[in-house]
Amino acid sequence: MDVSALATSFGARLPAWVLEEMADVPEALPTDRERLDLTNRLASRNHREDTGGPFAALVVERESGRVISAGVNVVLASDLSSVHAEVTALSLAQTRLGRWDLGAPGTPDLELVVNWRPCVMCYGAAMWSGVRRLLLAGDGPELEELTGFDEGPMRDDWQAQFAARGIEVAYGDSPHEAVAVFKEYGSREDAVVYNARGAS
Ligand SMILES: [Zn+2]
């Protein structure tokens, strides 16, 4: 075979507006509310800027709220189906910290903040990453109903599976703010539903 045709690396990058948005964010977000507010804001802007789906995630230090990374869904911009917001945020945190294990001994506990319950892929990615806590804006059927995305066959006991591995699952108190972003996206004529089955 002609090996020169084979790709040997791949990568994704954040759209430029993310750093612009983050420049006004404090170094640390001490409360769950602040962490989720920022996540919802990034998710909303991601689709309004046409840089991807309405999804965002942060990796923060659990106690202090120091922000380690911010990620948005960059599937469309990167031509990579796996770069959901969670995978992007986890990968950027691992890149910044220079380690694959975000739960390495002797390091601060890290938390993944997401603007809804992760899909089946990100469920696995979160479990593999080493984060000790998941903070979610919500987890009901609204995401799929409003956006047309198929999040995959999540286990009914997904929270218990996290708990069994020492990973806490926590929720914010205003899921409607995340739902409003999904509504915005779902009402767009040109919304792209980019999962494998292409439901829309
Ligand atoms: Zn996902």
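Basis of the calculations
Residues numbered from 1 in each chain as written. Predicted model: local features only at pLDDT ≥ 70, side-chain atom pairs only at ≥ 80, totals over all residues. Heavy atoms only, no water. Helix = DSSP H or I, 4+ residues; strand = E, 2+ residues; numbered from the N terminus. Polar contact = N/O pair within 3.5 Å; in protein donor to acceptor, adjacent residues only side chain to side chain. Contact = heavy atoms within 4.5 Å. Salt bridge = Lys/Arg side-chain N within 4 Å of Asp/Glu carboxyl O. Buried < 20%, exposed > 50% of the residue type's maximum accessible area, 1.4 Å probe, protein only. UniProt positions renumbered as here; feature names shortened; annotations may be inferred. Pairing = 2+ DSSP bridges. Axes fitted to C-alpha atoms, helices over the stretch in contact; angles between N-to-C directions. Patch = residues over 30% accessible without salt bridge, like charges linked within 9 Å, V, L, I, M, F, W, Y side chains within 5 Å. Areas by Shrake-Rupley, 256 points an atom, 1.4 Å probe, with all protein chains shown as cover. Donors = N, O, S within 2.8 Å, 3.2 Å for Na, K, Ca; no water. Expected span 1.5 Å × (residues − 1).

Under an unreviewed UniProt entry, the name given to the chain is Cytidine/deoxycytidylate deaminase-like protein, and the source organism is Actinocorallia herbida.

Some remarks on the side chain of Gln161
By secondary structure assignment, the location of Gln161 is in helix α7 (residues 158-164). Among the polar contacts listed, one links the side chain of Gln161 to the side chain of Asp157, at a separation of 2.9 Å. Among the polar contacts made by the side chain of Gln161, one reaches the side chain of Arg165 at a distance of 2.8 Å. Discounting residues that sit within four places of it in the chain, Gln161 has contacts with Tyr123, Met127 and Arg155.

Some thoughts on the pattern of salt bridges
Throughout the structure, instances matching the rule amount to 14 salt bridges. Note that Arg41 and Glu21 form a salt bridge whose closest N and O atoms lie 2.8 Å from each other. Highlighted residues: Arg41 in helix α2 (residues 32-48) and Glu21 in helix α1 (residues 17-22), separated in sequence by 20 residues. Accessibility expressed as a relative area gives 13% for Glu21, which makes it buried. In this structure, Glu168 engages Arg133 in a salt bridge whose closest nitrogen and oxygen atoms are separated by 3.4 Å.

Side note on the UniProt feature "domain: CMP/dCMP-type deaminase" (unreviewed entry) in the chain
Per the UniProt entry, the sites bearing "domain: CMP/dCMP-type deaminase" (unreviewed entry) are residues 30-150 in this numbering. The distance from the first to the last C-alpha atom of residues 30-150 is 33 Å, and the span holds 41% helix and 17% strand.

What about the sheet that holds strand β4 (residues 133-136)?
Spatially, the 5 strands line up as an open sheet ordered β2-β1-β3-β4-β5, and their pairing is mixed. Among the strands making up the open sheet, the edge pair consists of β2 (67-72) and β5 (168-171). Sheet twist, expressed as the average angle between the axes of neighbouring strands with direction ignored, equals 20 degrees. The pairing of strand β3 (residues 110-114) with β4 spans 4 bridges and is parallel. Its bridge partner being in β4, Glu111 is matched across the sheet by Arg133. Along the sheet, α2 contacts β1 (56-61), β2, β3 and β4; its crossing angle with β1, the most-contacted strand, is approximately 150 degrees. Each of β1, β2 and β3 is contacted by helix α4 (residues 85-97), which is oriented at about 145 degrees to β2, the strand it contacts most.

Section: a nonpolar patch on the surface
On the surface, Met1, Val3 and Leu6 cluster together to form a nonpolar patch covering roughly 370 Å² of accessible area. Note that Leu6 resides in the segment before α1.

Quick look at the coordination of the zinc ion
By definition of the ideal shapes, a tetrahedral metal site with four donors has angles of 109.5 degrees and an octahedral site with six donors has angles of 90 or 180 degrees. Within the protein, His84 (ND1), Cys119 (SG) and Cys122 (SG) serve as the donor atoms for the zinc ion, at 2.1 to 2.3 Å. Between consecutive donors of the zinc ion, the numbers of intervening residues give the motif H-x34-C-x2-C. With a relative accessible area of 1%, Cys122 lands in the buried category.

Digging into α2
Between its terminal C-alpha atoms α2 stretches 24 Å, which fits the 24 Å expected from 17 residues at 1.5 Å a residue. Turning to α2, its buried residues are Arg35, Leu36, Leu38, Thr39, Asn40, Leu42, Ala43, Ser44, Arg45, Asn46 and His47. Looking at the packing, one finds that the buried side of α2 touches α1, β1, β2, β3, β4 and α8 (175-186).

Digging into the environment of Arg48
Structurally, the position occupied by Arg48 is in helix α2. When near neighbours in sequence (up to four residues on either side) are disregarded, Arg48 contacts Glu184 and Arg188. Within the local environment of Arg48, its side chain forms a polar contact with the side chain of Ser44, the two groups lying 3.0 Å apart.

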